[in-house]
Amino acid sequence: MITRRTVLHNAGAAAALSLAPWRDAFAAYFEQSQSVPYPPESIVTACGFCDSACGMRATVQDGAIRFLQGLPEDPHNEGRLCAKGTTAAWVKNDPDRLKFPMKRTNPRKGVEEDPGWVRISWTEALDTIAARFGEIREKYGSEALLAISRGSPAWFARLYNALGMERIDHNDLCYGVDIVVSQRTIGAHSFAWDLENAKYIVLFGWDFMARAKLSLANRLLHAKENGARVVGFNPLHTPTARFCDEWHPVRPGGDLAIALAMIHVLLKENLFDRDFAEKYTNFPQYEADIRAHFEKYSPEWAETESDVPASVIRRIAREYGSARPAVTPLHKKTLAANYQNAAPVCHAIAILNILAGNIDRPGGRYFPRTISIPALDAIYPPPAYPKLPSKRIDGREKLPLAGNYGMFSTIADGMTRVYPDRVKGIFWTGYHLNSFPQPRLLAEALKKVEFMVIVDILPMDAMYYADIVLPNTMFLEGSDILNRTYNAKSPFVVVRQPVTPGPFETRSSAFIAIELGKRLVPDYFRKADGGWISSSELLDEQTRRAGLGENFAELRKKGFLAREQPFTPRTTFATATGKCQIYVPEFAARGYEPLPNWHPKRESPSPQFPYYLITYLPGEHKRNSTQNNPILMEISLPMRVKIHPSTARKHGIGDGSLVRVRSRVGEITAQAQLTETVRPDVVVVPHGYGHKSPWLSVAGGVGETDNDLIPALRIEDLVESGNWLGSGCIMDCVVAIEPA
Ligand code: SF4
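Residues numbered from 1 in each chain as written. Predicted model: local features only at pLDDT ≥ 70, side-chain atom pairs only at ≥ 80, totals over all residues. Heavy atoms only, no water.

(A) Region of the structure containing the site of the ligand. Contacts to the ligand come from 13 residues, most closely from Cys-47, Cys-50, Cys-54, Cys-82 and Ala-212. Looking at the shell around the ligand, its residues break down into nine nonpolar, two polar and two charged. (Near = heavy atom within 4 Å. Nonpolar A, V, L, I, M, F, W, Y, C, P; charged D, E, K, R; others polar.)

(B) Representation of the sheet that holds strand β24 (residues 682-686) in the model. Spatial ordering of the closed barrel is given by β20-β24-β21-β23-β22-β25, a layout of six strands whose pairing is mixed. Here the average twist between neighbouring strands, direction ignored, is 45 degrees. When strand β21 (residues 640-643) meets strand β23 (residues 667-674), the two strands line up parallel, connected through four bridges. Bridge pairing in β23 links Val-641 to Ala-672. (Pairing = 2+ DSSP bridges. Helix = DSSP H or I, 4+ residues; strand = E, 2+ residues; numbered from the N terminus. Axes fitted to C-alpha atoms, helices over the stretch in contact; angles between N-to-C directions.)

(C) Structural context of the environment of Asn-338. Positionally, Asn-338 belongs in the loop between β12 (326-327) and α16 (342-355). Assessed through its relative accessible area of 0%, Asn-338 is described here as buried. C-alpha of Asn-338 to C-alpha of Arg-664: the two residues are 326 residues apart in sequence and 18 Å apart in space. (Buried < 20%, exposed > 50% of the residue type's maximum accessible area, 1.4 Å probe, protein only.)

(D) Spatial organisation of the nonpolar core. If you look at the biggest cluster of nonpolar residues, it comprises 96 residues, and the most contacted ones within it are Ile-201, Leu-220 and Met-262. Sequence-distant contacts of Leu-220, defined by excluding residues within four places in its chain, comprise Leu-195, Ile-201, Leu-203, Trp-206, Met-209, Val-230, Thr-240 and Phe-243. If you look at the next biggest cluster of nonpolar residues, it comprises 53 residues, including Ile-411, Ala-412, Leu-442 and Met-463. (Core = buried A, V, L, I, M, F, W, Y, C linked by side-chain atoms within 4.5 Å. Contact = heavy atoms within 4.5 Å.)

(E) Layout of the sheet that holds strand β18 (residues 492-496). Pairing in this open sheet of three strands is antiparallel, and the strands run β17-β18-β19 from one edge to the other. In this open sheet, the two strands that pair with only one neighbour each are β17 (480-483) and β19 (560-562). Between one strand axis and the next, the sheet turns through 20 degrees on average, direction left out of account. Both β18 and β19 contribute to a ladder of three bridges, which runs antiparallel.

(F) Spotlight on helix α19 (residues 439-447). If you check which residues of α19 are buried, you get Pro-439, Leu-442, Ala-443, Ala-445 and Leu-446. Mapping the buried residues of α19 onto a view down its axis gives an arc of 160 degrees, with all of them on the same face. Next to the buried residues of α19 lie α18 (408-418), β14 (425-429) and β15 (451-456). (Arc of directions from axis to C-beta.)

(G) Seen up close, the confidence of the model for the protein. Residues at a pLDDT of 70 or more form 94% of the protein, whose mean pLDDT is 92. Note that residues 1-20 has pLDDT below 50 and, in this model, 52 contacts with residues that lie over four places away or in other chains. (pLDDT = per-residue confidence, 0-100.)

Written as structure tokens, this is what we have:
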């Protein structure tokens with residue numbers, strides 16, 4: 001049975017990490033679950049909270065989940081589950097879950113209004129949505145419809161594409177910048193870091209021990225077991241810092257200076273992999289430009305921008321250049337990549353990896369070996385999709401090299417100032433209102449939207465602005481084939497399958513997309529023989545065409561399937577030149593920097609706002625989606641603002657007392673936690689709290705929203721400031737503090 005004690009034992013609390021040496025710390029945090037034998041009737045599936053998608057075994061008795069355990073044969077999680085995965089059944093059985101389709105009866109929207117929800121049938125809900133979206137499209141065109149949604153599952157993507165809808169996602173706050181830099185420097189983006197075979201690891205703001213993305217956390221654990229030296233730069237002493245041989249409290253934004261200075265030393269002292277550079281990169285072609293460019297970025301200069309002594313930077317660069325393999329991993333929400341200088345940070349880190357000769361090599365950043373599973377559009381080719389609006393509501397077209405990702409940071413300004421009357425209909429799924437910088441601005445814009453649909457599992461804050469709510473199934477109730485990409489030196493897949501059925505009248509995303517598609521854009525949801533396409537047929541066809549079995553039912557029985565193969569390093573790369581590109585000609589052709597230069601972060605302390613604001617994702621939560629789980633909240637509450645004791649003393653703030661944190665756009669009040677694990681010029685706020693929804697009995701009204709402090713952006717701000725790949729700058733904010 002899952003209990004709080006089990007969770008603490010199996011998944012642990014961050015506090016344990018601050019006390020124990022790293023080996024014990026990891027054991028306490030993510031104990032392997034093979035200690036409890038699997039009952040024979042257990043079902044293989046995969047966690048769906050984060051994209052580590054850890055393999056699970058679920059034991060079901062009398063229609064109820066008794067255990068969720070890690071799947072030992074899955075190389076992602078190696079038998080472990082984090083606190084979120086271990087307690088996933090709490091989400092499934094949450095009494096607050098959305099149970100039936102509902103419609104609003106009060107036309108006035110906003111947190112001060114009772115929407116007057118009434119239950120409706122699925123037929124009424126789907127017919128109403130189709131009629132309203134159809135009317136809006138007819139009257140105003142497709143640009144009046146907006147999807148606030150990820151690009152997955154593919155069923156939703158097909159619906160949006162068929163309707164010609166613009167889609168907004170969160171990737172400007174996440175790894176969007178690194179996608180573009182990776183494509184241009186090494187040919188493709190990849191989350192696969194072979195840390196366990198690295199000898200020397202440099203972490204710029206990378207904190208995956210706290211984030212509990214197990215596939216990555218396991219890699220660092222094994223690196224330590226294998227004797228790697230790990231160096232961390234971070235303004236906070238994080239759980240990952242416990243695993244570091246040395247931790248340097250870098251000034252926020254100063255990571256870029258250190259990376260540039262490390263490149264300077266590697267080039268000056270010829271401490272790079274010359275063989276790799278000559279065979280597989282464009283270094284020979286641009287050597288003179290590259291050497292001249294980095295000449296100015298000495299460790300002595302970097303010390304003035306980072307607060308890390310020049311002698312330390314020089315030593316680390318020499319160690320990095322002399323150890324093989326050496327690697328500097330970067331990942332989503334890596335702290336350093338969320339400043340305004342994200343593009344040069346990602347580029348400089350890419351160069352550090354290229355100079356180490358580690359691209360697609362053991363101990364480095366590699367491209368995952370995956371099983372080729374044909375996508376929905378390959379199996380059921382759609383008619384040509386209509387053109388998407390050329391002028392996006394988030395303004396991303398003004399950043400011509402930014403990737404195909406959405407911009408949470410600019411959508412509120414797009415909807416209120418740039419195109420105030422444009423969006424009439426919204427389809428919202430998979431996101432929460434307090435994910436957006438300055439969510440109150442977006443909420444004001446949502447009030448004016450004529451018709452908004454939400455697909456969700458729980459009654460979250462965005463429901464204050466919705467007209468129709470559709471109850472979604474969650475991952476323990478769904479089916480999928482998951483190709484591994486984080487730790488896949490040879491291909492393997494794991495299935496996701498329903499452990500128990502979705503409760504009440506919950507329905508899958510595929511059901512919702514197909515039923516709306518049939519009503520709105522039927523030609524896109526028909527097979528060649530005229531019948532409707534279906535999610536079960538798609539899975540059967542994917543299984544068969546990928547050679548995974550005769551059909552999905554057969555694959556479900558296997559649960560997990562690996563194809564061992566030797567790892568053969570690449571010798572060509574998918575860039576325009578077929579080589580890794582240190583100097584990026586495509587950036588130069590657009591008038592951007594072909595080699596990274598120093599740029600400070602956007603906001604620096606001032607007399608009015610004397611402290612850097614840093615936010616972090618508590619490891620026991622999946623961002624802001626698991627705060628209604630009482631076990632996780634028992635681990636994580638109270639929400640506390642971390643302040644260095646010397647800073648707190650200056651303001652008369654005591655440990656546990658209330659502190660008000662103010663930025664130029666908002667303020668929050670929470671308990672102070674005095675700790676020497678943060679720099680004295682930094683104030684640290686956890687992300688994920690402050691849900692307003694009265695329908696969430698655990699999370700509603702608890703804690704404060706970090707994003708109330710973080711400015712939303714205007715697209716012009718990004719263009720004018722040279723933020724040319726569109727980082728959402730969620731760490732680029734300064735604040736003042738005072739006793740509350
Ligand atoms: S790391 Fe945790 S939340 Fe992420 S997939 Fe694994 S068990 Fe689930």
